[in-house]
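Fold and geometry: a report
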Amino acid sequence: MKENIKPIALYLPQYHEIEENNQWWGKGFTEWTNVKKARPLFKAHYQPHIPQNGNYYDLSEPQVMSEQAALAKAFGIYGFCFYHYWFNGKLLLEKPLHQLLSSGQPDFPFCLSWANENWTRTWDGEEKQVLMKQNYSLDDDRQHIRYLMPFFKDPRYIKMEGKPVFLMYRSELHPDIQEATKIWREEAKKAGFPDLYLIRMENFKRDLDPATHGFDAGMEFAPDSKLRGKKVTKSKPVLHVINKLLHQSGIKRSNYYANGVFSFPDMVRNMIARPAPTYPYFRCICPSWDNSARRKKGAAVYMDATPSLFKEWAGKMMSYTRKHLPENKQLLFINAWNEWGEGCHLEPDEKWGTAYLEALQAALLEAASPEQEGALETKNAQEAAKKSTPPQASTPPTTQTP
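Worth saying up front: this structure is predicted, and the values here are computed from it rather than measured. (Residues numbered from 1 in each chain as written. Predicted model: local features only at pLDDT ≥ 70, side-chain atom pairs only at ≥ 80, totals over all residues. Heavy atoms only, no water.)

1. Here's the deal with the packing of helix α9 (residues 264-272) against helix α10 (residues 307-324)
One way to put it is that α9 packs onto α10 with a least axis distance of 11 Å and a crossing angle of 5 degrees. Of the possible angle classes, the one that applies to α9 and α10 is roughly parallel. Counting all contacts with α9, which are made through Phe 264, Pro 265, Met 267, Val 268, Met 271 and Ile 272, the residues of α10 involved are Leu 309, Trp 313, Lys 316 and Met 317. Its residues assigned to classes, the contact of α9 with α10 shows 9 nonpolar, no polar and 1 charged. (Axes fitted to C-alpha atoms, helices over the stretch in contact; angles between N-to-C directions. Helix = DSSP H or I, 4+ residues; strand = E, 2+ residues; numbered from the N terminus. Parallel < 35°, antiparallel > 145°, perpendicular 65-115°, else oblique. Contact = heavy atoms within 4.5 Å. Nonpolar A, V, L, I, M, F, W, Y, C, P; charged D, E, K, R; others polar.)

Below, the structure is given as structure tokens:
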């Protein structure tokens, strides 16, 4: 049994109150605030996403993360990749990570991704109103990496050949990113590490050799809006044109046309077919996507996501990972463990329960057993041969091989 594939789930820590969110969005705001307010926008639209047993947890309680890690581990997830928010020494949503570091619990691998965008009022349509601005400087880069060293030194921290794995959400926003990465690597070596292993996430600037930014690898982000295909129409072509015109003219507004509705199966097929880059590249999958809970308008809603499709996608990306990456670097990222506001979570909900976790586990078991894969291929070949071979007239129907 081969077990090289290491699924890593992206993790959002915005499930506890912080002073800044209380000021910006109202007392008691957490990610659950938007999740609870979500409603279906049109027929067959799955909202709201309700956590199984109404488990609207609070990450300020340390046992919550321990329970999450136990569940993730039980279904084959190797570790979490926590979003980390640093703004020139100002931290946001840091409490769960500080608790994890100080307590030593849960005993579960993890790494960090610097979510380095400005914080804006995007959720209520005011993208240009900046709440927390990101200002870059090389001095700040040095202070930032020094702050991260205690995490890197933690035995649970995910490393490759002794190098702490550190991700950056949008490296292209840093005006001097190559110098920044040199500083980061220099500080890591001073701290006793052989180097860092830097991964740039490709959610916006894609198909860029990470070495040009001083990184070691790129990471696909799912879903990829460039590969989502055409919008789904809910009626016959003529009616669709009429309904869209009525919406655009204001005569008959429709939530369907006020948002982007896409086919999840089409997006999955397009992402599976993506050509392999010439640089080290980690693949990413997601169980579903629907960020209408976060946005008053212009949401992206992907329809027809299912656990069986997720399993198929996971299996394909595991095959890619095994083919294109060495055994000690076979990471597969999953977006996400708990992006409830984007309808993108492996955590169980009332509709699917643990079905998506079970699908991931099943894909891992199949990928880990070459014997099983070979048996399935032989069975499929035999069935195909049977269908293409006409029955022999001399063989009685009752003795045909099923």
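2. Quick notes on the packing of aromatic side chains
Considering all chains together, one arrives at 34 aromatic pairs under this definition. Judged by centre distance (6.0 Å) and plane angle (70 degrees), the ring pair of Phe 264 and Trp 313 falls under edge-to-face. A residue pair is termed long-range when its members are at least 10 positions apart, and Phe 264 in helix α9 and Trp 313 in helix α10 qualify at 49 residues. Across the pair, exposure class does not vary: Phe 264 and Trp 313 are buried alike. Three or more aromatic residues link up through ring pairs in this structure, and these residues are Tyr 11, Phe 80, Phe 82, Phe 108, Phe 110, Trp 114, Tyr 136, Phe 152, Tyr 157, Phe 166, Trp 184 and Trp 337. The ring of Tyr 320 has Arg 283 sitting right over it, with the charged end atom 4.6 Å from the ring centre. (Phe/Tyr/Trp six-rings, centres within 6.5 Å; stacked < 30°, edge-to-face > 60°. Buried < 20%, exposed > 50% of the residue type's maximum accessible area, 1.4 Å probe, protein only. Lys NZ or Arg CZ within 6 Å of the ring centre and 35° of its normal.)

3. Points about the state of the cysteines
Throughout the structure, instances matching the rule amount to 0 disulfides. Among the cysteines around Cys 111, which has no disulfide bond, Cys 81 carries the closest sulfur, lying 3.7 Å off. Left unpaired, Cys 286 is separated from the closest cysteine sulfur, that of Cys 344, by 5.0 Å. When its relative accessible area of 0% is taken as the criterion, Cys 286 is described as buried. (Disulfide = S-S within 2.5 Å.)

4. Let's talk about the environment of Ala 217
Turning to its location among the elements, Ala 217 is positioned in strand β10 (residues 217-220). Relative accessible area serves as the criterion here: at 0%, Ala 217 is assigned to the buried category. Through-space distance from the C-alpha of Ala 217 to that of Tyr 279 is 6.7 Å; in sequence the pair is 62 residues apart. Every residue in contact with Ala 217, bar those within four places of it in the chain, is listed here: Tyr 197, Leu 198, Ile 199, Arg 200, Pro 210, Pro 280 and Phe 282.

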